[in-house]
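Observations on chain architecture
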Amino acid sequence: MKGLKGIHWILWLILGFNATPGQAKVLECKAVISGVLHDENHRVLVGATVFIKELKMGTATDLYGKYYLKKLCHGSYTLVFSYLGYKSREITILVNADEIEYDLDLEDEAIHLEEIAIEQKKLSLAENQTLAVSSLDESDLIRNAGGNLAESLGKVAGVNILQSGPSVAKPVIHGLHSNRILILNNGIRQEEQQWGTEHAPTIDPFVANNLSLIKGAAAVRYGSDAIAGVILVNPAELPQNKSLKGSIQTIGQSNGRGATTSALLEGGLGKGLGWRIQGTFKRLGDAESPHYVLSNTGHQEVNFSAALGWQKENYGFEAFYSQFNSEIAILKSAHIGGLDDLERSIDNAQPAYVEDFTYTLGLPRQELSHHLFKTKAYLKLPNLGKLELLYGFQFNTRKEFDIRRSNRSDKPALFLELGTHTLDWVLEHKPWGNFQGSLGIQGIFQNNLNQDLAERGIRPLIPNYKSYSGGVFWIERYVRNRLELEAGIRYDYRRQAVKKRDFDNILLTPVFDYQMFSGTLGLIYHVNKFWSFRTNLASAMRSPNPAELFSEGLHHGIGSIEEGNTTLEVEKSYKWISTLRFQNTRLNLEFSPYYHYIQDYIFLEPREVRLTIRGAFPVFRYNQSNAVFWGADMAFKYHFTPFLSFNSNISFIQAKNVTDDAYLPFIPANQLENGLTFEWKKWHKLENIYLSFSVENHLQQNRAPQEFTIAQIREVLENDALSLPEKTFDFVEAPPGFTLINLDAGFDIPWKKQDFSIHFSIDNLFNTAYRDYMNRFRYFADDQGRNFTLRLRYSFQTSKQNP
């Protein structure tokens, strides 16, 4: 009997868990009910709930309004369709086939359904629906918690990371970064000193309930800087019913021997009034490569946010405040004094400066703070639509400390303060037949100041300036049956008033005026219940920023002097991107090719070698040329069984300076990530169990700028007849490609209205030594080695219906 029982268990495993022990046949419970939910105007409803009363189970619609109810037996089921602000529908469906498709339109309701809590933020009509959108939901963020914003987005196909050591990272979309990517932090344009390659976004990822990424020129809706894409950092909607909910997460990691703790508490007071507070503390010591300590790479953060909102059917108000404070130590071996130091760093197998592990944040280092205050109000006008008014104020401080002579190392070598006021007015008008859309006005005022210049005794890297920007846009969509068409236009005006002194200490006050136009045209076509196609063609413009116009200073990390160029013209961008998507119960496939042409693309190019009191340094100057970026992203996921799936992300990109027939620097290499995931919904008292194994393949960048070694630079210095190359060069050829193996596992332990989850991961399992081409410190040291991470999360919630 024991042998027969063992055979039953083996059959149970072989048949994909479709047979239970004690049964010799497979249960026929593999039917699927799927469909799309719309409102009365055929707009898809994102995050709507679909609940089966008999089974007490349900799901939510995705970004395309699609829902799936899987592994159902044949029979009759009562489905309840619900969405905040719409009348619930209860439908009885007879399941007599393996695939049942049921689409439904929900009707507006005069009052909010306060008993239903929707946590996923739906996309506004004002956003570009025809552009490719990728999202990370709350479960994705929990599984990868502890990293910075760029690391959180790094798992999305088409997104890379530009690093300056282990603590500074910024996202790269289709080869572009910094001022060409717009970040919306809770609906506000994140405005900081984002022009530097070593300037990471000052945003706490724990603020977000989901992250959305628009991979395309979205300048019509968001402004002239969004020529590469937009990152949406979306907190959950504030509670409205009487409730209390909270969570605390603790993340410990071996590489850096540190921890991160974040806590959140939120509640509703009834009648549409809700609140939330959140805070994060993070401390890491020196990171470690496989063979040595990366000395002076520690990191510390203290962050806080709070929100209060009042939401009714026809009006509402919300206030939000966040504070981000960070102190980052910069790899000490990246601090060089001239060509000799740079040459030794390149020739040696390890950094010039290696000490024992420490939590001390030495020199060089950065101290950053960012304050954001936002208020938003909306009003539904009976004959017009929904009017939304948003005001934001941000204050950003950046201090950079360096090793300086005469005991001045405690005084910042760079001290910038940037204040920004933002005002947005948007009207989502009532539908005109099959047409729906929005129009708006946006205004921005900025004031940038260099503090304590006389006391520090140095010239500023960028000057003081005031910037005035204004824009108007109009986006219209035509929706009918399976087809959606979208068109939009925008006009922007920007004035930059600069104050700086020349080398004779004469005050200069140049003023720059820019006019910029943007346009978009796109469509979505739902071929059938499995296939959909979307395409978008957009033009956009970007004015040069003050760093590109006026930089004059030494960047120690890359051993070069950077100079601005006041003759720079507006960048003109033209991007086409399409997405073909297939989705059924087993296969999800998304393929997005793109082509991006930028006229007057702004970049740094070599000009000369200059002797200074610190040594000899190559001089790079901002210049313009025409550039083209093209490639494709592919995301593939296949479910072999309900418990085993295979996923693959592929990013292919090519870029070139077409005017000079040269390659551009810091363009990501092609890469591929494959993985297997085992998932179980429930086992004993454990739920949402998973075990994932992934392989990252990073190919060598064979389309990097030409190599021009330090020895060749010395020849230029010693021989007046020689000169630097006219085309962009690098001090060393691109490093070899590499492969990383990663493991992830986790599960939840629910109990009543509480939940405890444990997640464990190992990055770079075999402790591979490598240097990433997208790491600016690859001249000096290897990247990080193996890292064990343990993530613990406890959450609870209580709720009570409104009287």
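Owing to the predicted nature of the structure, the values given are computational and were not obtained by experimental measurement.

Moving on, we come to the overall build of the protein. Within the protein, the secondary structure is distributed over eight helices and 44 strands. A compact globule built from 803 residues should have a C-alpha radius of gyration of about 28 Å, and the protein, at 28 Å, falls within 12% of that. Here the C-alpha coordinates of the protein stretch approximately 85 × 75 × 50 Å along the principal axes. Counting every position in the protein, which comprises 803 residues, the buried fraction comes to 54%. Here the contacts in the protein between residues at least 6 apart in sequence split such that 66% fall between residues at least 24 apart. As displayed, the protein offers around 34,700 Å² of accessible surface, 57% of which is attributable to carbon and sulfur atoms. If you average the places of the 83 positive and of the 89 negative side-chain charges in the protein, the two averages end up 6 Å apart.

Summarising burial for strand β1 (residues 31–38): eight of the eight residues are buried, a large majority. Of the two faces of β1, the one holding Ala-31, Ile-33, Gly-35 and Leu-37 and the one holding Val-32, Ser-34, Val-36 and His-38 are both buried throughout. Across five bridges, β1 lies against strand β4 (residues 66–72) in antiparallel orientation. Bridging from a neighbouring strand, Gly-35 pairs with Tyr-67 of β4. As judged from the three bridges shared by β1 and strand β7 (residues 99–101), these two strands associate in the parallel manner. Pairing of Ser-34 across the sheet is with Glu-101, part of β7. Here β1 pairs with strand β8 (residues 104–105) via two bridges, running parallel. In the strand pairing of β8, His-38 is matched with Asp-105.

You can see His-174 is positioned in the loop between β11 (169–173) and β12 (181–185). With relative accessibility at 3%, the residue His-174 sits in the buried group. Reaching out from His-174, the side chain makes a polar contact with the side chain of Lys-575 at a distance of 2.8 Å. Polar contacts involving the side chain of His-174 include one to the side chain of Asp-633, which spans 2.7 Å. The residues touching His-174, leaving out its near neighbours within four places in the chain, are Gly-158, Lys-215, Lys-575, Ile-577, Tyr-594, Phe-629, Asp-633 and Ile-653.

Looking now at a negative patch on the surface. On the surface, a cluster of negative charge is made up of Glu-40, Glu-101, Asp-103, Asp-105 and Asp-108. Positionally, Glu-101 belongs in strand β7.

For the rest of this paragraph, the subject is the environment of Arg-586. Tracing the backbone shows Arg-586 in the loop between β34 (571–583) and β35 (587–612). Residues Arg-586 and Pro-382 lie 204 residues apart in sequence; the distance between their C-alpha atoms is 45 Å. Not counting residues within four places of it along the chain, the set of residues in contact with Arg-586 comprises Lys-637, Tyr-638, His-639 and Phe-640. Reaching out from Arg-586, the side chain makes a polar contact with the side chain of Tyr-638 at a distance of 3.5 Å.

Taken residue by residue, helix α8 (residues 710–718) has Ile-710, Ile-713 and Val-716 as its buried positions. Looking straight down α8, one finds that the buried residues subtend no more than 105° of arc, so they occupy a single side. Of the surrounding elements, those touching the buried residues of α8 are α5 (339–347) and β35.

Our focus in this paragraph is the environment of Glu-288. Its place among the elements puts Glu-288 in strand β19 (residues 287–288). Glu-288 sits in the partly exposed class, given a relative accessible area of 22%. For Glu-288, the residues in contact, after removing those within four places along its chain, are Asn-255, Arg-257, Val-293, Leu-294, Phe-357, Gln-784 and Gly-785. Here Arg-257 takes part through its side chain, which lies 3.3 Å from a polar atom of the side chain of Glu-288.

Now for the pattern of salt bridges. One pass over the full model with this rule turns up 26 salt bridges. Note that Arg-477 and Glu-484 form a salt bridge whose closest N and O atoms lie 2.2 Å from each other. Pair check on accessibility: Arg-477 and Glu-484 agree, each one buried. Between Asp-492 and Arg-490 there is a salt bridge, and its shortest N-O distance comes to 2.6 Å. We note that Asp-492, like Arg-490, is buried. Connected through salt bridges with shared partners, the residues Arg-180, Arg-542, Glu-548 and Glu-571 form a single ionic network.

Attention now moves to α5. Of all the positions in α5, only Leu-339, Leu-342 and Ser-345 are classed as buried. Looking straight down α5, one finds that the buried residues subtend no more than 125° of arc, so they occupy a single side.

Tallying each qualifying case throughout the model produces 26 aromatic pairs. A ring pair is formed by Trp-310 and Tyr-315, whose centres lie 5.4 Å apart and whose planes are at 70°; its orientation type is edge-to-face. The ring of Phe-415 has Lys-399 lying over it, and the distance from NZ or CZ to the ring centre is 4.8 Å.

Before going further, it helps to examine the sheet that holds strand β14 (residues 210–214). Taken in spatial order, the five strands of this open sheet run β9-β14-β15-β12-β13, and their pairing is mixed. Of all strands in the sheet, those bounded by a partner on one side alone are β9 (133–136) and β13 (188–189). Of the strand pairs in this sheet, β12 and β13 are connected by two bridges, and their pairing is antiparallel. Along β13, the bridge assignment pairs Leu-184 with Arg-189.

Right, let's get into the sheet that holds strand β3 (residues 57–60). The four strands lie next to each other as β3-β2-β5-β6, forming an open sheet whose pairing is antiparallel. The open sheet terminates on both sides in strands that have one partner only, identified here as β3 and β6 (89–95). Strand after strand, the sheet turns through a mean of 25° between neighbouring axes, direction not considered. Here strand β2 (residues 49–52) pairs with strand β5 (residues 75–82) via four bridges, running antiparallel. Paired with Phe-51 across the two strands is Val-80, which belongs to β5.

Conventions used here
Along each chain, residue indices are assigned from 1 in the same order as the chain's sequence is written. The predicted origin of the model limits local features to residues at a pLDDT of at least 70 and limits the giving and counting of side-chain atom pairs to 80 or more, whereas totals for whole chains, interfaces and linings rest on all residues. Based on all heavy atoms of the structure, the side-chain values leave hydrogens and waters out of the count. Only DSSP runs of H or I with at least four residues qualify as helices, and only runs of E with at least two residues qualify as strands; both kinds are numbered from the N terminus onward. As defined in this context, the radius of gyration uses C-alpha atoms, and a globule is described by 2.2 Å times the residue total to the power 0.38. Per-residue accessibility, obtained with a 1.4 Å probe over protein chains only, is compared with the maximum for each type, and a residue is labelled buried under 20%, exposed over 50%, and partly exposed between these values. The contact definition used throughout considers only heavy atoms, calling two residues in contact when any of these lie within 4.5 Å. Using the Shrake-Rupley algorithm and a 1.4 Å probe, accessible areas are obtained, with residue cover drawn only from the displayed protein chains. All tallies of charge rest on Lys and Arg as positive and Asp and Glu as negative; His and the ends of each chain are not included. By convention, the point assigned to a charge is CZ for Arg, NZ for Lys, CD for Glu and CG for Asp. Two strands qualify as a pair provided that DSSP identifies no fewer than 2 bridges between them. Within 3.5 Å is the distance limit for a polar contact, defined as a pair of N or O atoms, with the added protein rule that one can donate a hydrogen and the other accept it, and that residues adjacent in sequence qualify only through two side-chain atoms. Residues qualify for a patch when their relative accessible area is over 30% and they have no salt bridge, like charges being joined within 9 Å and the nonpolar side chains of Val, Leu, Ile, Met, Phe, Trp and Tyr within 5 Å. The term salt bridge refers to a side-chain nitrogen of Lys or Arg lying within 4 Å of a carboxyl oxygen of Asp or Glu. As used here, the arc belongs to the directions running from the helix axis to the C-beta atoms. For Phe, Tyr and Trp, where Trp contributes only its six-membered ring, two rings pair if their centres lie within 6.5 Å, and the inter-plane angle classes them as stacked under 30 degrees, edge-to-face over 60, or tilted in between. Consider the ring centre and the ring normal. A charge sits over the ring if Lys NZ or Arg CZ is within 6 Å of that centre and within 35 degrees of that normal. Comment: axis = line fitted to C-alpha atoms, over the contacting stretch for helices; angle = value between 0 and 180 degrees taken between N-to-C directions.

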